[in-house]
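# Summary of structural features
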Amino acid sequence: MTTVTGPARDVAPARDSWPGILRAEWTKIRSVRSTVWSLVAFVVVAIGFSIVVATVIASVWDKPGNHPNQVQLHTDPTTILYGTGFGFGQLALCVLGVIVISSEYTTGAIRSSLLAVPRRLPMLAAKVLVFAALELVVSAVTVFAVFFSTTAILHGHVVITLGQPGVLRATLGGIGYLVVMGIFAMAIGGLIRHTAGAIAAVIGLVLVVPPLIGLIPGTIANHIHGYMPTVAGQLIGQTAQQPADVLSPWQGFGVFCLWTVVLLAGCAVLLLRRDA
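Residues numbered from 1 in each chain as written. Predicted model: local features only at pLDDT ≥ 70, side-chain atom pairs only at ≥ 80, totals over all residues. Heavy atoms only, no water.

Glancing now at unusual backbone geometry. Positive phi values are uncommon outside glycine, yet Arg193 reaches one of about 65 degrees. Along the chain, the position of Arg193 falls in the loop between helix H7 (167-192) and helix H8 (195-214). The buried category is assigned to Arg193, whose relative accessible area is 12%. (Helix = DSSP H or I, 4+ residues; strand = E, 2+ residues; numbered from the N terminus. Buried < 20%, exposed > 50% of the residue type's maximum accessible area, 1.4 Å probe, protein only.)

Another aspect to go through is the nonpolar core. Of all hydrophobic cores here, the largest spans 64 residues; its most connected members are Phe42, Leu73, Phe86 and Leu154. Sorting the residues of this core by element identifies helix H2 (33-59), helix H4 (77-107), helix H5 (109-116), helix H6 (120-154), H7, H8 and helix H11 (249-273) as the ones contributing at least two each. Discounting chain neighbours no more than four positions away, the residues touching Phe42 are Phe86, Gly89, Gln90, Ala92, Leu93, Val138, Ser139, Thr142 and Leu178. (Core = buried A, V, L, I, M, F, W, Y, C linked by side-chain atoms within 4.5 Å. Contact = heavy atoms within 4.5 Å.)

What follows is about the pattern of salt bridges. Pairing between side chains of opposite charge can happen when their charged atoms approach one another. Enumeration over the complete set of coordinates arrives at four salt bridges. Across the salt bridge formed by Glu104 and Lys28, the nearest N and O atoms sit 3.3 Å from each other. You can see Glu104 sitting in helix H4 and its partner Lys28 sitting in helix H1 (residues 18-30), a full 76 residues away along the chain. Residue Glu104 is classed as buried on the basis of its relative accessible area of 6%. (Salt bridge = Lys/Arg side-chain N within 4 Å of Asp/Glu carboxyl O.)

In this structure the tally under the stated criterion is zero disulfides. With no disulfide of its own, Cys94 lies closest to Cys257 among cysteine sulfurs, the gap being 15 Å. Since its relative accessible area comes to 25%, Cys257 is described here as partly exposed. (Disulfide = S-S within 2.5 Å.)

A word on the packing of H6 against H11. A pair of packed helices can be characterised by two numbers: the angle between their axes and the separation between those axes. Where H6 contacts H11, the two axes come as close as 9 Å, and the packing angle between them is 145 degrees. In this structure, H6 meets H11 at a crossing whose hand is right-handed. Contact residues: H6 offers Arg120, Leu121, Met123, Leu124 and Val128, while H11 offers Leu264, Cys267, Ala268, Leu271 and Leu272. When grouped by side-chain class, the residues that make up the contact of H6 with H11 number nine nonpolar, no polar and one charged. (Axes fitted to C-alpha atoms, helices over the stretch in contact; angles between N-to-C directions. Left-handed = near helix turned anticlockwise from the far one by under 90°. Nonpolar A, V, L, I, M, F, W, Y, C, P; charged D, E, K, R; others polar.)

This is the structure:
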């Protein structure tokens with residue numbers, strides 16, 4: 001007796017479906033201790049340094065002398081509120097972004113991941129989406145915590161509200177910058193596939209290369225400096241465009257996103273063409 005069956009269907013296993021891939025990436029990222037410690041470091045450094053800077057500015061406000069920060073708090077307040085704290089805090093996100101992907105290559109866990117999810121591009125996309133969502137939540141909470149704590153400290157000297165021109169855009173843009181920064185670091189980690197090397201490369205691009213280019217005189221060097229990924233991206237956190245800026249805030253953020261997309265595309269090509 002012959003059993004008649006219907007046409008075969010290509011049904012992906014649950015683990016290879018989008019919900020399954022996302023759950024797997026969330027499990028991986030939350031089960032690693034470095035995730036928690038990196039995020040804690042980011043929050044503590046960003047809020048701590050920002051409060052210290054605001055407290056120092058408030059304490060010397062009425063003392064005689066030239067205080068350029070006081071002028072800038074009226075013309076471009078978010079640069080002062082977010083500058084120092086997030087300038088240092090973003091390094092923790094850079095390290096975390098690299099570790100999220102490079103640690104799998106370092107430990108060899110990437111082979112198990114690809115056995116469980118043979119489709120490499122969906123796995124990479126899920127990794128980016130999960131990490132971006134985590135960054136978005138943590139960055140939003142931290143940015144608003146910094147804003148309300150620092151403006152409360154400075155309230156007796158200068159009033160800064162989200163309703164002022166450019167402040168809300170700069171605040172939301174600062175959140176976006178931090179999210180893209182983490183993905184930028186992740187892409188470099190996926191390209192280099194070595195944790196120490198990738199962290200060194202990211203920190204070099206963030207802290208070392210832009211200041212060195214900025215020291216070179218001339219219009220061409222000034223434009224190269226302005227189009228560096230983090231230099232361009234940080235413009236979105238300014239309340240207003242400054243005369244020395246090569247790009248507007250939204251143009252700068254667009255350039256930073258373009259850098260990140262290009263690096264992610266290279267990471268994807270490498271993932272498809274090279275063995276794990």
